[in-house]
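# Secondary and tertiary structure notes
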Amino acid sequence: MKLATWNINSIRARTDRLIGWLAAEQPDILCLQETKVEDAQFPTAALEKAGYHTAIYGQKSYNGVAIASRAPITDVQRGLSDGVADDEARLIAGTTLGVRVVCVYVPNGGDLTSDKFPYKLAWYRRLRAFCERHAGDLVVAGDYNVTADDKDVCDPVKWAGHIHCSEPERAALAEVLGLPLVDVFRRLHPEGGVYSWWDYRGVAFFKNQGLRIDHILATPALAERATACTIDRNARKGQDASDHAPVIATFT
DNA sequence: ATGGCCGCTATGAGCGGA
């Protein structure tokens, strides 16, 4: 089974690119973030034509998550479902191909002094609780907006203490990993220096000045079945690319 | 030290992103 996650940064701006990528890579399951579209405008028909069922949770302009799968998706949950008033479309979960898949778009957080920052940390605590409520195997994939450690950072000195690299954010991610969940890419590529996001500005991508903030986490038994995990840099190349590249894991 | 780019909007400047 091939499972991917991709922050598409507007699915309307990149529908053709997405369909082409699906045809080339043929993942069984794809988690999408930042679709930036209300459900009525989501390109459900184009994905269906490409051979994918979809479960979607969108909103106008911002956020928006979706799961696409070659098989039907059941038991869909939209949002963290914890009773907290929160209308930001950042989590969708569903069961497909025998796997419980949680697709997440963790808040950016702005900067450490922003009022968005405590929301980010609280969201991590709520995500941990969401995953803890689920008994069996899970894949939790998406844009975590946090680097696990400096191996995920192009320039650790420049980024030290900044958003995506600060101690409280890394501690929040570590709490989720402590459930336990395994970072599948890191398990197979412990050396670091491979990124999933590059700034649009300047020569950041050309010079590989990026961060690894998109992660596929899995419960340990499932993570043991991962035989490969790659980040598709090619999808970040050329005109009209998202600023994120897809992360792809293959499970036996 | 700052901004540089991109997508969005009852657009054409401002917000959010990372």
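Thresholds, definitions, all that
Residues numbered from 1 in each chain as written. Chains lettered and ligands numbered in written order. Predicted model: local features only at pLDDT ≥ 70, side-chain atom pairs only at ≥ 80, totals over all residues. Heavy atoms only, no water. Buried < 20%, exposed > 50% of the residue type's maximum accessible area, 1.4 Å probe, protein only. Helix = DSSP H or I, 4+ residues; strand = E, 2+ residues; numbered from the N terminus. Pairing = 2+ DSSP bridges. Right-handed = clockwise from strand over helix to strand, strands pointing away. Axes fitted to C-alpha atoms, helices over the stretch in contact; angles between N-to-C directions. Salt bridge = Lys/Arg side-chain N within 4 Å of Asp/Glu carboxyl O.

## Comments concerning the pairing of strand β7 (residues 99-105)
Burial runs high along β7: seven of the seven residues are buried. Judged by which residues are buried, β7 turns out to be covered on both faces: V99, V101, C103 and Y105 on one side and R100, V102 and V104 on the other are all buried. The pairing of strand β6 (residues 91-96) with β7 spans six bridges and is antiparallel. Residue pairing in the sheet places L91 in a bridge with V104 of β7. Where β6 hands over to β7, the hairpin turn is made up of two residues, of which L97 adopts a positive phi near 50°. Alignment of β7 against strand β8 (residues 138-143), held across six bridges, turns out to be parallel. Paired with V102 across the strands is V140, a residue of β8. At this point the chain moves from β7, through helix α3 (residues 116-132), to the parallel β8, and the crossover so formed is right-handed.

## Regarding the sheet that holds strand β2 (residues 29-33)
Reading across the sheet, the six strands line up as β3-β4-β2-β1-β14-β13 and stay open at both edges, with mixed pairing between neighbours. Every other strand in the sheet has two partners, leaving β3 (53-57) and β13 (226-231) as the edge strands with one partner each. Ignoring which end each strand starts from, the neighbouring axes of this sheet average 10° apart. Across five bridges, the pairing between β3 and strand β4 (residues 65-69) is antiparallel.

## Looking at the pattern of salt bridges
Summed over the entire model, instances satisfying the criterion amount to 15 salt bridges. Between R90 and E88 there is a salt bridge whose closest N-O contact spans 2.7 Å. Using a relative accessible area of 8% as the deciding quantity, one classes R90 as buried. For E88, a relative accessible area of 28% corresponds to the partly exposed category. The partner of E169 in a salt bridge is K120, with the nearest N and O atoms 2.6 Å apart. Remark: K120 occurs in helix α3 and E169 occurs in helix α5 (residues 167-177); sequence separation between them is 49 residues. We note that E169, like K120, is buried. Connected through shared salt-bridge partners, D149, D152, D183, R186 and R212 make up one network.

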